[in-house]
Amino acid sequence: MQSSFSDLEYAAKKKQTRRDRFLVEIEAATPWTSLLNVIAPYYPVSGRRGHPPIGLERILRMYIVQQCFGFSDEGAEDAVYDSQAIRRFVGIDLNREAAPDATTLLKFRHLLEEHCLTESIFNAINAHLAERGLFLREGTIVDATLIAAPPSTKNREGKRDSEMHQTKKGKQWYFGMKVHIGVDAQSGLVHTLIATAANVHDVTQARALLHGDETDVFGDAGYLGVEKREENLALPVTWHIAMRPSKRKALPKTAAGELMEKLEHAKASIRAKVEHPFHVVKNLFMHRKTRYKGMAKNNAQMFSLFGLANLLLARRWLCRSDSQIAS
């Protein structure tokens, strides 16, 4: 295909932007064949009346752009027209064709939600990473984070989202949902994800976040007493739960107290890896507030976001393993 003047001008630019580098990394890390195989059985094919459907890989790439940059459906369409880097990633040449519109992207999202395909995408990404040896499965770190929901009642019903709830953290009240994750203690990659309303306590979801092969589980002080819960009594795991901050500050300045402090520091250094996926989703993908109404749509989006976060966190290992295979 002949390059346009804009393509030649873009290729000749002297600086590669952060967006360029980010999209190149996502391009290299994503297992495209696996993801396409997951969606293809449910994606409409040509042969019906009306316009033929957009190519599956193209609309999937546009969906990934939407999730990684926090765009709305209309914002994703505008971004394709505004950014040459995004057009190259999606595979659009405006001299020959128009970009998929917001309605097409909306219908694709609904297709993923209807058939629970975002969870399948999450599992396909993790299977790809497991083949590269990035899940060792001996240890799991459990944690949860709050995702705020719009508290406004300026809508047709005059009410807030009925499936979201409020909860108190410290002295601050929050309204929204909570995302519980189980993270591989070695690589820091998310292997299990559960979304609930914000008022669901962390300790109640601990059992569901385990894959069953781990021998050690790490958690913060919110999981104190987890080993005494009925569903966890028979589990062959060792729970490493952090001490409450107030109790840790009160440790005596003795040899025993210093030993306990070193133990808490060691547990905290392991638990720190669970914050990396939260950082990617909230700060890099800019997803600090729910975009949709109801738990089902937001739960579906969480699988996409944390699956892409796993790819982003694993990109250095993936590039290293690919270069070793190539050599």
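Residues numbered from 1 in each chain as written. Predicted model: local features only at pLDDT ≥ 70, side-chain atom pairs only at ≥ 80, totals over all residues. Heavy atoms only, no water.

Attention now goes to the overall build of the chain. Within the chain, the secondary structure is distributed over 12 helices and six strands. Taken over the C-alpha atoms alone, the chain extends approximately 75 × 60 × 40 Å along its principal axes. For the chain, the share of sequence-separated contacts (at least 6 apart) that also reach a separation of at least 24 residues comes to 66%. As displayed, the chain has an accessible area near 18000 Å², and 52% of this comes from carbon and sulfur atoms. Between the centroid of the 46 positive side chains of the chain and the centroid of its 37 negative side chains there is a distance of 6 Å. (Helix = DSSP H or I, 4+ residues; strand = E, 2+ residues; numbered from the N terminus. Contact = heavy atoms within 4.5 Å. Areas by Shrake-Rupley, 256 points an atom, 1.4 Å probe, with all protein chains shown as cover. Lys, Arg positive; Asp, Glu negative; His and termini not counted. Charge placed at Lys NZ, Arg CZ, Asp CG, Glu CD.)

When its volume is computed, the second largest pocket comes out at roughly 390 Å³. Lining the second largest pocket we find 17 residues, and of these Ala144, Lys169, Lys178, Asp202 and Asp220 sit closest to its centre. For the lining of the second largest pocket, the elements supplying multiple residues, two or more each, are strand S1 (139-148), strand S2 (165-169) and helix H11 (275-284). Element by element, the count of residues in the lining of the second largest pocket is highest for S1, at four residues. (1 Å grid on protein atoms, 1.4 Å probe; cavity = no way out; pocket = protein on both sides within 12 Å on 5 of 7 lines; lining within 4 Å. Points joined across faces, edges and corners; volume = space filled by probe spheres on them.)

Here we come to the packing of aromatic side chains. In this description, a pair of aromatic rings is defined by centroid distance and the angle of the planes. All told, the structure shown has seven aromatic pairs when counted by the stated rule. A ring pair is formed by Trp32 and Phe89, whose centres lie 6.0 Å apart and whose planes are at 55°; its orientation type is tilted. Taken together, the positions of Trp32 in helix H3 (residues 32-39) and Phe89 in helix H6 (residues 84-90) put the pair 57 residues apart, joining distant regions of the chain. Residue classification places Trp32 among the buried residues on the basis of a relative accessible area of 11%. The class for Phe89 is buried, based on a relative accessible area of 5%. Plain terms: the ring middles of Phe278 and Phe306 are 6.2 Å apart, the flat faces sit at 85° to each other, and that makes the pair edge-to-face. Separated by 28 residues along the polypeptide, Phe278 in helix H11 and Phe306 in helix H12 (residues 295-326) bring together distant segments of the chain. A relative accessible area of 6% means that Phe278 is categorised as buried. (Phe/Tyr/Trp six-rings, centres within 6.5 Å; stacked < 30°, edge-to-face > 60°. Buried < 20%, exposed > 50% of the residue type's maximum accessible area, 1.4 Å probe, protein only.)

Further remarks concern the side chain of Thr167. If you trace the backbone, Thr167 turns up in strand S2. When near neighbours in sequence (up to four residues on either side) are disregarded, Thr167 contacts Leu146, Gln172, Trp173, Tyr174, Ala198 and Asn199.

Looking now at the pairing of strand S3 (residues 172-184). A regular strand places its side chains so that they alternate between the two faces of the sheet. S3 sits mainly inside the fold: 10 of its 13 residues count as buried. By the bridge criterion, nine bridges tie S1 to S3 in an arrangement that is antiparallel. Directly across from Leu146, in S3, lies its bridge partner Lys178. Two strands pair when backbone bridges link them, and S2 and S3 are joined in this way by five bridges, in the antiparallel orientation. Across the sheet, the residue bridging to Lys168 is Trp173, located in S3. Taken together, S2 and the strand that follows it, S3, pair antiparallel across an intervening segment of two residues, in which Gly170 is found at a positive phi of about 70°. Both S3 and strand S4 (residues 190-197) contribute to a ladder of seven bridges, which runs antiparallel. When the sheet's bridge partners are listed, Ile181 is paired in S4 with Leu193. (Pairing = 2+ DSSP bridges.)

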